[in-house]
Amino acid sequence: MTNRDYLHYLEVLGFNHAPYTSETPNSSETVGQSDEQAGENSLMAKSKSSTPKHTQALASKAFDLDWTKLEQKANKCQSCKLADTRNTVVFGSGNRNADLMFVGEGPGADEDEQGVPFVGRAGQLLTKMIEAMGISRNEVFIANVVKCRPPNNRNPEPDEIAECSPFLLRQVQLVSPKIIVALGTFASQTLLETDTPIGQLRGQYHQSQKLVQKDGSPIKIMPTFHPAFCLRNPNMKKPVWEDLQKVMTDLGLTPTSLTQQP
Ligand code: SF4
């Protein structure tokens, strides 16, 4: 990516001053936040206690539901303690036949209120990033690892992730995307069933035997930093944009919005 491209990208994202740096994040840094945690909480704990364990949940909840029944099931779900404090189940939104899917961590306050993922500050940044790729938000499918807001925007806990992951994995099956962009630690570690920090995962494609398209082709998973982390650390927009450019190349996308912006 040229400096000019990056400056255009920052302009699209609404930044007038480029926080230019060539530094890459510390590979041991584990980051990721709920949609509305921007600027509030610090880095996520690098604890193995946050390790996703959705394999067991999958075995006990072998969803074979269509979209309608899956959404109905989620909307009535009481499977974990997040049901006690949520206002709305944030199921997911967008194109249910998309080639590209974005997966975040969990709803924040705005999402919990509106029932739509990524509508707060971090969501607005994600929308700009998607538009900078030359596509609209409606062309992709967006979901979270947990469908209900963790209280006070805390991190989702392992049991909550385990209970909720089957919803996400069934969504992935139904959408059957070519590529998933996993936003932040929890999405990346959950989808890839790993404890590896996001700083080491990001920037390259990964695959999971469980995540395949309807024709059996593997789904490419691109971990990158969560938009909330980018809000707190503007320098991280550059590596995220580099990751998204790899996705654009694979999908044959051109960043038309970059050239349309002043
Ligand atoms: S977070 Fe998921 S598992 Fe927990 S109550 Fe909500 S929909 Fe159910």
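Reading the values: the criteria
In this numbering scheme, every chain counts its residues from 1 along its sequence in written order. Per-residue local features are limited, in this predicted model, to residues with pLDDT of at least 70; the limit for side-chain atom pairs, both in listing and counting, is 80 or more; totals at the level of whole chains, interfaces and linings are taken over all residues. Secondary structure elements follow DSSP: runs of H or I of four or more residues count as helices, runs of E of two or more count as strands, with numbering from the N terminus. Note on burial: count the other C-beta atoms lying within 10 Å of the residue's C-beta; 20 or more is buried, 12 or fewer is exposed, in between is partly exposed, and C-beta positions come from the backbone. Only strands that DSSP links by at least two bridges are regarded as paired with each other. As a rule, any residue with its backbone-derived C-beta atom within 6 Å of a molecule or strand is reported as near that molecule or strand. The classification used treats Ala, Val, Leu, Ile, Met, Phe, Trp, Tyr, Cys and Pro as nonpolar, Asp, Glu, Lys and Arg as charged, and all other residues, Gly among them, as polar. Nonpolar core, as used here: buried Ala, Val, Leu, Ile, Met, Phe, Trp, Tyr and Cys residues forming one set through C-beta atoms within 7 Å. Contact definition: two residues whose C-beta atoms, as placed from backbone geometry, lie within 7 Å. Here, axes are lines fitted to C-alpha atoms. For helices the fit covers the stretch in contact, and angles between N-to-C directions go from 0 to 180 degrees. Known as pLDDT, the predictor's confidence for each residue is given on a scale from 0 to 100.

Draft legend 1. Up close: the overall build of the protein chain. The helix and strand tally for the protein chain stands at 11 helices and 5 strands. A burial count over the protein chain gives 46% of its 262 residues as buried.

Draft legend 2. Fine view of the pairing of strand β3 (residues 141-144). Across the two faces of β3 the burial is the same, with Phe141 and Ala143 and Ile142 and Asn144 all buried. Of the pairings in the sheet, the one linking strand β1 (residues 93-94) to β3 comprises 2 bridges and is antiparallel in character. Among the inter-strand pairings, Gly94 is bridged to a residue of β3, identified as Phe141. For strand β2 (residues 100-104) and β3, the ladder comprises 4 bridges, and the chain directions are parallel. Bridge pairing in β3 places Val103 opposite Ala143.

Draft legend 3. Molecular detail of the site of the ligand. Lining the immediate surroundings of the ligand are 14 residues, of which Cys77, Cys80, Ala83, Cys148 and Cys164 lie closest. Looking at the shell around the ligand, the element that brings in the most residues is helix α6 (residues 158-175), giving 3 residues. Grouping the amino acids of the shell around the ligand by side-chain chemistry returns 9 nonpolar, 2 polar and 3 charged.

Draft legend 4. Quick look at the nonpolar core. In terms of nonpolar packing, the biggest core is built from 57 residues, with Met101, Val103, Ile180 and Ala182 touching the most fellow members. Of all the elements, α6 adds the most residues to this core, at 8 residues.

Draft legend 5. Looking closely at the pairing of β2. The buried fraction of β2 amounts to 5 of the 5 residues, a majority that puts the element mostly inside the structure. Going residue by residue along β2, you find Leu100, Phe102 and Gly104 tucked away on one face and Met101 and Val103 tucked away on the opposite face as well.

Draft legend 6. Representation of the sheet that holds β1. Spatial ordering of the open sheet is given by β1-β3-β2-β4-β5, a layout of 5 strands whose pairing is mixed. The open sheet has two edge strands, β1 and β5 (220-224), and neither has a second partner. This element, helix α7 (residues 184-192), spans β2, β4 (179-183) and β5 of the sheet and lies at about 135° to β4.

Draft legend 7. Structural view of the confidence of the model for the protein chain. Of all residues in the protein chain, 73% have pLDDT values of 70 or greater, and the mean over the chain is 82. Counting contacts from residues 12-57, a segment whose pLDDT is below 50, to residues more than four positions away or on other chains yields 128 contacts. Contacts of residues 257-262 to residues separated by more than four positions or lying in other chains number 11 contacts, the stretch itself having pLDDT below 50.

Draft legend 8. Quick look at unusual backbone geometry. Positive phi values are uncommon outside glycine, yet Asn153 reaches one of about 60°. Residue classification places Asn153 among the buried positions, given that 21 C-beta atoms sit within 10 Å. At Ser176, a position not held by glycine, the phi torsion is positive, near 55°.

Draft legend 9. Spotlight on the environment of Gln207. Tracing the sequence through the fold places Gln207 in the loop between α8 (198-201) and β5. With 13 C-beta atoms packed within 10 Å, Gln207 lands in the partly exposed category. Sequence separation between Gln207 and Ile219 is 12 residues, and the spatial gap between their C-alpha atoms is 6.4 Å. Sequence-distant contacts of Gln207, that is, excluding residues within four places in its chain, are made with Pro218, Lys220 and Ile221.

Draft legend 10. Here's a closer look at the environment of Ala182. For Ala182, the location among the structural elements is in strand β4. For the pair Ala182 and Phe102, spaced 80 residues apart in sequence, the C-alpha to C-alpha distance is 6.0 Å.

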